[in-house]
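Topology and contacts: notes
If you want the building blocks of each chain, they are given just below.
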There are 2 protein chains.
Amino acid sequence: MFALPQTTPQPPSPGRPSVLRPDDGRLERGRRSRERIREAARALFRERGFDGTTLRAIGARAGMGASSIYRHVRSKEELLVQELAELQEEAWNRFRLHDDREAPTRARVRRFFQTQHDLLAEVPDLTVIALRATTYPHARVARRVLALNERTIGLLAEILQGGRVRRDLGGDVDVLVAARALFHVASGARLSWANGLVTEVGCRSDIDASVDLLFRGIGADETR
Amino acid sequence: MFALPQTTPQPPSPGRPSVLRPDDGRLERGRRSRERIREAARALFRERGFDGTTLRAIGARAGMGASSIYRHVRSKEELLVQELAELQEEAWNRFRLHDDREAPTRARVRRFFQTQHDLLAEVPDLTVIALRATTYPHARVARRVLALNERTIGLLAEILQGGRVRRDLGGDVDVLVAARALFHVASGARLSWANGLVTEVGCRSDIDASVDLLFRGIGADETR
DNA sequence: CCGATTATGCGATCTTGTTCGCGTTGCCCC
DNA sequence: GGGGCAACGCGAACAAGATCGCATAATCGG
């Protein structure tokens, strides 16, 4: 349904991938540089956080000037989005690995968020900076993050759809609307966590509570 | 329940309000300056948007250097948060003005979001930048925005609580969790709107759909 | 009136993400 | 093997938010 994020080390850089000249010694060097940049950024983000990491520092660790980074990346945030994409992929894989399609829908949803959270917990910045990126609507990276989000929502919708065919859901529930609601509620909880309002376990139980609420509904049974 | 945002033109600036010397010609001058800054910022934000507005421009229009602004404000975003606080206050007032406490809870919630959206639509940046502010957990302004959000959530909880006593809600619904869910779902929809993924009316109907969903619940009636 | 205190303003400066123009280098084609 | 073409890297420079030290002025205690 959605385009897979390109995690292969193809040149995802500004210029087109130059299909005319498929490979090249220069391109090889470029790939190595990109790899060094990615590693340096990844390490520094974990050491000092996103905002504490300067492009000059990344460049220094990657053995190049700060401006050269822009040969390979369009913005600082793109470096983090790469990580986000990988982490999401990993989360999906882990989830699917032990996913029981016959389990109650609500349980599957909860387990998905738990799996995702296990990974997210290691890099608290990720969620927050991704969210921040979406607040720059003109930037390309915003659309990239939104696409990633949409993909997660798609997976949630898939889970829900599985429940629908098993009559596990209310009959007239719009699966996509529901998936979006689940996603945003979880994001909100994680934002509180990132701001130190709740602990990590608090965040988890908030998410669980919200999922339960969404399944049960706010309204009184059968009335209005 | 929550501390009211201080909208009175008391010096909310970095230094303490200097209670020892309650007023002063200088303080008077400062108040006027703050007012000019606020007006200039407000106008420029509407003309060019938040990111398109430079502090030097604000300073120029307010008749002072850019650095002087920091005597009255701790960051650029704080200028916008002031607006957000006012706008929320206005939204609450408008809502309460025509609020029918006997109306069905769901209808009240929907009307609240509509009222809020009427105002928000005039300054599309507001929601987004406020959200962005919360992605800088170290900044004071983040906590300020979170407090404002918490206040909105509180109002929603109040509405829900009203419904609970009338048996309008499911018996075991945690009012605060539900309010939070409503809030975050609406924020998510507005984020899509700000990113041009949906039109304003689309955003409104998305919110309505989400509210309906939250009231009805995702799960099948009475089962699991 | 005097010194101390303090709110305000200013310009220089810093920081950091980002852009720009230039030079270098490996590759292809003739 | 020479010219052309990109990819790459670099240092200078820019933009804009923020900080700093200094200057000014208003007030107060004495």
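Residues numbered from 1 in each chain as written. Chains lettered and ligands numbered in written order. Predicted model: local features only at pLDDT ≥ 70, side-chain atom pairs only at ≥ 80, totals over all residues. Heavy atoms only, no water.

1. Examining the overall build of chain A
A tally of helices and strands in chain A yields eight helices and zero strands. Order of helices (α) and strands (β) in chain A, N terminus to C terminus: α-α-α-α-α-α-α-α. Counting over 224 residues, chain A shows a buried share of 51%. In chain A, of all internal contacts separated by at least 6 residues, the share reaching a separation of at least 24 is 64%. (Helix = DSSP H or I, 4+ residues; strand = E, 2+ residues; numbered from the N terminus. Buried < 20%, exposed > 50% of the residue type's maximum accessible area, 1.4 Å probe, protein only. Contact = heavy atoms within 4.5 Å.)

2. Comments concerning the relation of the copies chain B and chain A
Its rotation angle being 180°, the transformation that places chain B on chain A also includes 0.0 Å of axial translation and leaves an RMSD of 0.1 Å. Taken together, the rotation and translation describe the operation of a two-fold axis. Within chain B, Gly217(B) has its C-alpha nearest the rotation axis, a separation of 1.6 Å. Same-surface contact between copies: 100% of interface residues of chain B are shared with the interface of chain A. (Least-squares fit on C-alpha atoms with pLDDT ≥ 70 in both.)

3. Description of the packing of helix 7 (residues 175–194) of chain A against helix 8 (residues 200–216) of chain B
In helix packing, the relevant descriptors are the interaxial angle and the interaxial distance, both defined with respect to the helix axes. Helix 8 of chain B packs onto helix 7 of chain A with a crossing angle of 85° between their chain directions and a minimal axis gap of 10 Å. Comparing their axes, helix 8 of chain B and helix 7 of chain A come out roughly perpendicular. For the pair formed by helix 7 of chain A and helix 8 of chain B, the contact residues are Val177(A), Ala178(A) and Ala181(A) on the first element and Ala209(B), Ser210(B), Leu213(B) and Leu214(B) on the second. A class-by-class count of the residues in the contact of helix 7 of chain A with helix 8 of chain B yields six nonpolar, one polar and no charged. (Axes fitted to C-alpha atoms, helices over the stretch in contact; angles between N-to-C directions. Parallel < 35°, antiparallel > 145°, perpendicular 65-115°, else oblique. Nonpolar A, V, L, I, M, F, W, Y, C, P; charged D, E, K, R; others polar.)

4. Observations regarding the protein's contact with DNA strand D
In the vicinity of DNA strand D, 25 residues are found, and the nearest of them are Ser33(A), Gly65(A), Ser67(A), Arg71(A) and Tyr70(B). Counting only the atoms of DNA strand D within 4 Å of the protein, the fraction contributed by sugar and phosphate is 55%. Residue Arg71(A) places a side-chain N or O atom 2.3 Å away from a base oxygen belonging to DNA strand D. One of the backbone nitrogen or oxygen atoms of Leu55(B) is found 2.8 Å away from a phosphate oxygen of DNA strand D. At the level of elements, helix 1 (25–48) of chain A together with helix 1 (25–48) and helix 2 (55–62) of chain B are the ones that each hand at least two residues to the surface near DNA strand D. (Near = heavy atom within 4 Å. Polar contact = N/O pair within 3.5 Å; in protein donor to acceptor, adjacent residues only side chain to side chain.)

5. Quick look at the domain arrangement of chain A
All names here are of chain A. As far as domains go, chain A holds domain 1 (25–71) and domain 2 (76–216). In this structure, domain 1 and domain 2 have C-alpha centres spaced 29 Å apart. Carbon and sulfur atoms make up 58% of the surface buried where domain 1 meets domain 2, a total of about 1,200 Å² over both sides. The interface formed by domain 1 and domain 2 contains five salt bridges. In this structure, the salt-bridge partner of arginine 46 is glutamate 83, at a minimum N-O distance of 3.2 Å. (Domains from an automatic or database assignment. Buried area = accessible area lost by both parts, 1.4 Å probe. Salt bridge = Lys/Arg side-chain N within 4 Å of Asp/Glu carboxyl O.)

6. Comments concerning the packing of aromatic side chains
Applying the stated rule across the entire model yields six aromatic pairs over all chains. When the centroid spacing of 5.7 Å and the interplanar angle of 55° are considered together, the rings of Phe112(B) and Phe113(B) count as tilted. Side by side, Phe112(B) and Phe113(B) carry an identical accessibility label, which is buried. Put simply, the rings of Phe95(A), Phe112(A) and Phe113(A) touch in pairs and so form one group of aromatic residues. The aromatic ring of Phe50(A) is capped on one face by Lys76(A), whose charged end is 4.4 Å from the ring centroid. Between Arg132(A) and the ring centre of Tyr136(B), over which it is positioned, the NZ or CZ distance is 3.5 Å. (Phe/Tyr/Trp six-rings, centres within 6.5 Å; stacked < 30°, edge-to-face > 60°. Lys NZ or Arg CZ within 6 Å of the ring centre and 35° of its normal.)

7. Quick notes on the side chain of Arg38(A)
If you trace the backbone, Arg38(A) turns up in helix 1. For Arg38(A), the contacting residues outside a window of four places in its chain are Gln82(A) and Glu86(A).

8. So, the interface of chain B and chain A
At the junction of the two partners, chain B supplies 44 residues and chain A supplies 44 residues. The contact between chain B and chain A buries some 4,000 Å² in all, and 62% of this surface belongs to carbon and sulfur atoms. Taking the shortest distance from any N to any O, the salt bridge between Asp172(A) and Arg216(B) comes out at 4.0 Å. Our count for the chain B to chain A interface comes out at 12 residue pairs in polar contact (both at pLDDT 80 or more). Within the residue set of the side of chain B that touches chain A, elements represented by two or more residues are helix 5 (124–133), helix 6 (140–165), helix 7 (175–194) and helix 8 of chain B. The greatest single-element share of the side of chain B that touches chain A, amounting to 10 residues, is contributed by helix 7 of chain B.

9. A word on the nonpolar core
Core analysis: the largest hydrophobic core is formed by 61 residues, its most contacted members being Leu160(A) and Leu160(B). Ranked by residues supplied to this core, first place goes to helix 7 of chain A with 11 residues. (Core = buried A, V, L, I, M, F, W, Y, C linked by side-chain atoms within 4.5 Å.)

10. Re the pattern of salt bridges
Residue and element names in this part refer to chain A. For the structure shown, the criterion picks out 36 salt bridges over all chains. In this structure, arginine 38 engages glutamate 35 in a salt bridge whose closest nitrogen and oxygen atoms are separated by 3.9 Å. Separated by three residues within a single helix, arginine 38 and glutamate 35 lie in helix 1, roughly one turn from each other. A network of salt bridges, in which partner residues are shared, links Arg42, Arg46, Glu83 and Glu122.

11. Observations regarding unusual backbone geometry
In this structure, Arg167(A) takes a positive phi of about 60° despite not being glycine. For Arg167(A), the position within the fold is in the loop between helix 6 (140–165) and helix 7.

12. Quick look at helix 7 of chain B
Residues and elements named next belong to chain B. Relative to the 28 Å expected for 20 residues at 1.5 Å per residue, helix 7 spans 29 Å between its end C-alpha atoms, a close match to the ideal helical length. Its side-chain oxygen 2.9 Å from the backbone nitrogen of leucine 176, aspartate 174 forms the N-cap of helix 7. Two residues or fewer after helix 7 comes glycine 196, characterised by a positive phi angle close to 75°. (Expected span 1.5 Å × (residues − 1).)

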